[in-house]
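# An overview of the molecular structure
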Amino acid sequence: MLNLGKLHFGGDYNPEQWPKDVWKQDIELMQKAGVNLVSLGIFSWAKIERSDGDYHFDWLDEAMELLHEGGISVDMATATASPPAWLSMANPEMRAVNFDGVQLSHGGRQNYCAASSVYRQKADALVEQIASRYAKHPAVVMWHINNEYGCHAPYCFCENSRQAFVAWLKERYSSLDELNASWGTDFWSQRYYDWDELVVPKRTPDGTHPNPGQQIDFKRFTSELTLDLYKMERDIIRKHDSVHPITTNFMSMKFTYAMDYWKWSREMDFVSTDHYLAQHDPDNHIDLAQQADLTRGFASGKQWLLMEHSTSAVNWQPRNYAKTPGQEKRNSASFVARGSQGVMYFQWRQSQAGSERFHSALVPHAGEDTRVFREVSELGNWLAENPGVADYPTDRADVAMVYDYEQFWALMQANLPTQDISYADTVAKIYRSFWENGTRVDFVPGDVDLETLKQYKLVVLPMVHMLSEQEEQVYHDFVAQGGNILISYFSNIADRTLRVKLGGYGGKLVRDLAGVYVEEFYPLREGQGKLSNGYEIGLWSELSRAEGAEVIASFEATDVDGSPALTVRDHSGAKVWYQGTELSLSSQKKFLGEICSQLGVSSEGGGSTEVVRRGPFKFEIDHKANTVSLSS
Ligand code: GLA
């Protein structure tokens with residue numbers, strides 16, 4: 001297993017924003033706070049390359065030396081995230097074109113088209129310079145490629161992107177006929193007769209949307225094309241450094257979805273992620289736990305690292321509430337409990353100028369005599385006092401939940417039975433129900449294999465809208481071998497090209513495994529409906545009948561009264577539950593609690609307290625009492 005060693009503590013360090021006399025003070029303060037790692041050079045391209053091929057490394061060499069002398073290691077960035085003005089102004093085709101066909105202006109950040117050959121050549125040359133120069137530097141312990149790929153302009157709709165998309169489609173489909181059949185292009189006169197007629201899914205006339213198959217393929221294509229950029233940089237670094245691990249920082253957040261991180265993770269030495277709280281949400285620690293668990297899933301048994309979060313407020317939400325005293329320790333402890341090999345932040349010193357001047361940092365504008373600096377220093381020293389935690393992975397959960405970016409993409413599209421469907425919200429509600437019940441969850445990908453599933457007492461499939469036949473088979477085999485699953489509504493409706501499976505919605509999963517025949521969807525009106533067992537519902541009901549399933553509860557006060565809403569079917573001891581509606585949080589907790597107690601799923605903590613174990617270490621975090629305890 002890749003070993004990231006000790007628990008890391010630190011953050012993005014941007015010395016280029018400060019005069020050199022501040023740098024020395026930075027090192028002293030870092031030592032005081034217990035900082036042992038900084039990410040260096042992430043947004044330094046313009047400072048390093050001042051005109052074409054004119055590289056300046058003297059300042060970076062100096063910063064590296066100071067850090068090294070101060071005993072602080074470096075997560076060396078490749079600086080390719082934000083191309084300099086001289087480059088993007090000279091090559092306008094480098095800049096991304098949005099859904100409406102508007103080319104985005106230089107002046108923000110991370111504005112480049114992943115299909116641009118100029119961007120690729122210039123990024124390649126820069127990484128070559130950085131990797132060859134610093135590969136042997138004793139301060140370097142890991143590499144940080146680019147920054148949050150797909151954050152600001154994930155999709156580019158320019159002509160270069162169109163050509164790359166067509167090339168990608170030619171690889172994916174054996175013929176144009178196959179593409180036409182998969183996308184169903186005989187609908188609305190969309191049939192293509194030549195590959196060159198294919199377009200990117202830009203804005204179409206009002207009330208219409210690009211073809212669903214085209215839309216989802218464009219999302220797949222974009223994730224893969226962008227991943228190619230990562231691989232390009234990774235391979236350059238590898239030529240110069242065969243020792244230190246390479247990563248890029250993910251955005252494991254509820255509202256970020258452009259990159260399929262399951263696929264990305266397979267290309268990375270170790271997974272790292274960023275996470276920011278929705279600070280207006282009093283229960284944001286539950287979203288944090290979900291994203292940390294999800295990241296542990298991406299890492300798939302390898303070590304991972306929280307690369308960025310905030311010491312206090314951010315600057316990009318409508319209202320940027322500061323963290324309350326003690327909140328940051330709870331947040332960090334939750335990440336470490338869930339497997340992070342440390343705690344990193346954006347950023348070391350709060351910027352004096354620029355868009356992020358009101359974003360918190362380890363050293364605030366007011367300096368070291370501050371609540372924030374005291375709290376983070378205390379935290380850095382607390383981590384240093386517990387080095388043994390780094391040696392153990394987080395204990396596996398009894399429950400696995402399928403998380404699949406392609407479902408997210410499919411369910412974001414228009415023209416579904418209701419626009420109120422939200423993949424992210426449904427997953428979050430199920431996760432939250434488990435969390436509040438004290439039941440831990442591991443996340444697994446949509447193409448999970450049987451051996452992985454067999455480790456769990458319960459596997460949950462929340463709105464797994466598309467499944468290939470092969471994937472359906474894995475769940476069949478799992479149940480045949482004694483596995484228990486819970487399937488939610490609107491699952492297995494289509495194959496992976498979004499063609500609907502005929503003969504009863506849910507096909508082999510809902511009809512065959514769950515034993516429920518679903519014939520029509522009845523989205524609920526506001527306030528409509530309840531279940532016969534008293535559970536509260538919303539959003540969804542369906543006209544259905546049990547065909548082999550035992551009905552736990554049926555719909556009432558709906559247009560489909562009497563149709564089964566919650567069912568269970570026994571397959572020689574293995575259980576398949578079906579949930580044909582969206583339950584309220586309290587009802588979802590009851591339903592899952594009942595399932596877990598039948599299956600002997602373990603739980604610990606609950607309410608406002610989370611209990612998570614890493615081998616002999618037990619983290620107990622009480623979000624109401626604002627306490628963190630670590631025992632072994
Ligand atoms: C992201 C970026 C950082 C910074 C933070 C602010 O995570 O990677 O550079 O902008 O957001 O929250």
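Structure: above.
Let me begin by describing the structure that accompanies this report. These figures come from a predicted structure and were not determined experimentally.

### Topic: the pairing of strand E7 (residues 271-274)
Alternating residues of E7 divide into Val 271 and Thr 273 and Ser 272 and Asp 274, and every residue in both groups is buried. Summarising the sheet, strand E6 (residues 249-251) and E7 pair through 3 bridges and their orientation is parallel. Along E7, the bridge assignment pairs Met 251 with Asp 274. Strand direction decides the pairing type here: E7 and strand E8 (residues 304-308), joined by 4 bridges, are parallel. The residue bridging Thr 273 from the neighbouring strand is Leu 306, located in E8.

### Things to note about the packing of aromatic side chains
Within a pair of aromatic rings, the relevant descriptors are the distance that separates the centres and the angle that separates the planes. For the coordinates displayed, the defined rule picks out 38 aromatic pairs. Seen from the ring of Trp 382, Lys 329 lies directly overhead, with NZ or CZ sitting 4.7 Å from the centre.

### With respect to unusual backbone geometry
The general pattern is negative phi for most residues beyond glycine and trans for most peptide bonds. Between Phe 346 and the following residue, Gln 347, the backbone shows a cis peptide bond with an omega angle of -5°. Take Gln 347: it is sitting in the loop between strand E9 (340-345) and helix H12 (371-385). For Gln 110, which is not a glycine, the phi torsion comes out positive at approximately 50°. Considering the arrangement of structural elements, one finds Gln 110 in the loop between helix H4 (85-90) and helix H5 (117-134). With a relative accessible area of 5%, Gln 110 lands in the buried category. Even without being a glycine, Ser 572 presents a positive backbone phi close to 50°. Looking at the secondary structure, you find Ser 572 in the loop between strand E19 (564-571) and strand E20 (574-579).

### Some details on the sheet that holds E19
The strand order E11-E10-E12-E13-E20-E19-E18-E15 describes an open sheet built from 8 strands, whose pairing is mixed. Bordering the open sheet on either side are strand E11 (441-444) and strand E15 (530-531), each of which pairs with just one other strand. Where helix H14 (residues 423-436) meets the sheet, it contacts strand E10 (399-402), E11 and strand E12 (458-461), and its direction lies at approximately 175° from that of E10. Against the sheet, helix H17 (residues 507-514) touches E12, strand E13 (485-488), E19 and E20, its axis set at about 70° to E19.

### Regarding empty space enclosed by the protein
Under the definition given, this model contains 8 cavities of 30 Å³ or more. By volume, the largest cavity amounts to about 150 Å³. Surrounding the largest cavity, 20 residues form its lining, Tyr 112, Ala 114, Ala 153, Pro 154 and Thr 226 being those nearest its centre. A breakdown of the residues in the lining of the largest cavity according to their chemical character gives 13 nonpolar, 6 polar and 1 charged. If you go around the second largest cavity, the residues you meet are Arg 338, Trp 435, Gly 438, Thr 439, Arg 440, Glu 604, Gly 606, Thr 609, Glu 610, Val 611 and Val 612.

### Let's talk about the side chain of Asn 284
In this fold, Asn 284 is placed in helix H10 (residues 284-299). Asn 284 gets classed as buried once you look at its relative accessible area, which sits at 4%.

### Section: the environment of Leu 453
Counting through the fold element by element, Leu 453 comes out in helix H15 (residues 450-453). As a C-alpha pair, Leu 453 and Gly 438 span 15 residues in sequence and 21 Å in three-dimensional space.

### Remarks on the site of the ligand
Every residue close to the ligand is listed here: Phe 43, Arg 109, Asn 147, Glu 148, Asp 274, Tyr 276, Glu 308, Trp 316, Phe 346, Glu 356 and His 359. A distance of 2.7 Å separates an oxygen atom of the ligand from a polar atom in the side chain of His 359. Bound to the protein, the ligand loses 96% of the 310 Å² it would expose on its own. Given that more than half its atoms are within 2 Å of the pocket grid, the ligand belongs to the largest pocket. The class makeup of the residues in the shell around the ligand is 4 nonpolar, 2 polar and 5 charged.

### Description of the layout of surface pockets
In this model, the largest pocket occupies a volume close to 1100 Å³. As for the largest pocket, its lining consists of 47 residues, and the residues nearest its centre are Phe 43, Arg 109, Gln 110, His 152 and Glu 356. Looking at the lining of the largest pocket, the elements with two or more residues in it are helix H2 (45-48) and H4. When residues in the lining of the largest pocket are grouped by element, the largest group, 3 residues, is from H2. Residues that form the lining of the largest pocket fall into these classes: 18 nonpolar, 21 polar and 8 charged.

### Some remarks on the nonpolar core
Counting 195 residues, the largest nonpolar core has Trp 143 and Val 459 as the members making the most contacts within it. Looking at this core element by element, the count peaks at 10 residues for helix H8 (residues 212-240). Residues from two domains meet in this core; each of domain 1 (8-92 + 114-151 + 245-390) and domain 2 (399-601) gives at least three. Leaving out residues up to four positions away in the same chain, Val 459 has contacts with Ala 400, Val 402, Leu 453, Tyr 475, Phe 478, Asn 484, Ile 485 and Leu 486. The next biggest cluster of nonpolar side chains, apart from the first, holds 7 residues, and it includes Leu 37, Met 142, Phe 270 and Leu 305.

Conventions used here
Residues numbered from 1 in each chain as written. Predicted model: local features only at pLDDT ≥ 70, side-chain atom pairs only at ≥ 80, totals over all residues. Heavy atoms only, no water. Buried < 20%, exposed > 50% of the residue type's maximum accessible area, 1.4 Å probe, protein only. Helix = DSSP H or I, 4+ residues; strand = E, 2+ residues; numbered from the N terminus. Pairing = 2+ DSSP bridges. Phe/Tyr/Trp six-rings, centres within 6.5 Å; stacked < 30°, edge-to-face > 60°. Lys NZ or Arg CZ within 6 Å of the ring centre and 35° of its normal. Contact = heavy atoms within 4.5 Å. Axes fitted to C-alpha atoms, helices over the stretch in contact; angles between N-to-C directions. 1 Å grid on protein atoms, 1.4 Å probe; cavity = no way out; pocket = protein on both sides within 12 Å on 5 of 7 lines; lining within 4 Å. Points joined across faces, edges and corners; volume = space filled by probe spheres on them. Nonpolar A, V, L, I, M, F, W, Y, C, P; charged D, E, K, R; others polar. Near = heavy atom within 4 Å. Polar contact = N/O pair within 3.5 Å; in protein donor to acceptor, adjacent residues only side chain to side chain. Areas by Shrake-Rupley, 256 points an atom, 1.4 Å probe, with all protein chains shown as cover. Sits in = over half its atoms within 2 Å of the grid points. Core = buried A, V, L, I, M, F, W, Y, C linked by side-chain atoms within 4.5 Å. Domains from an automatic or database assignment.

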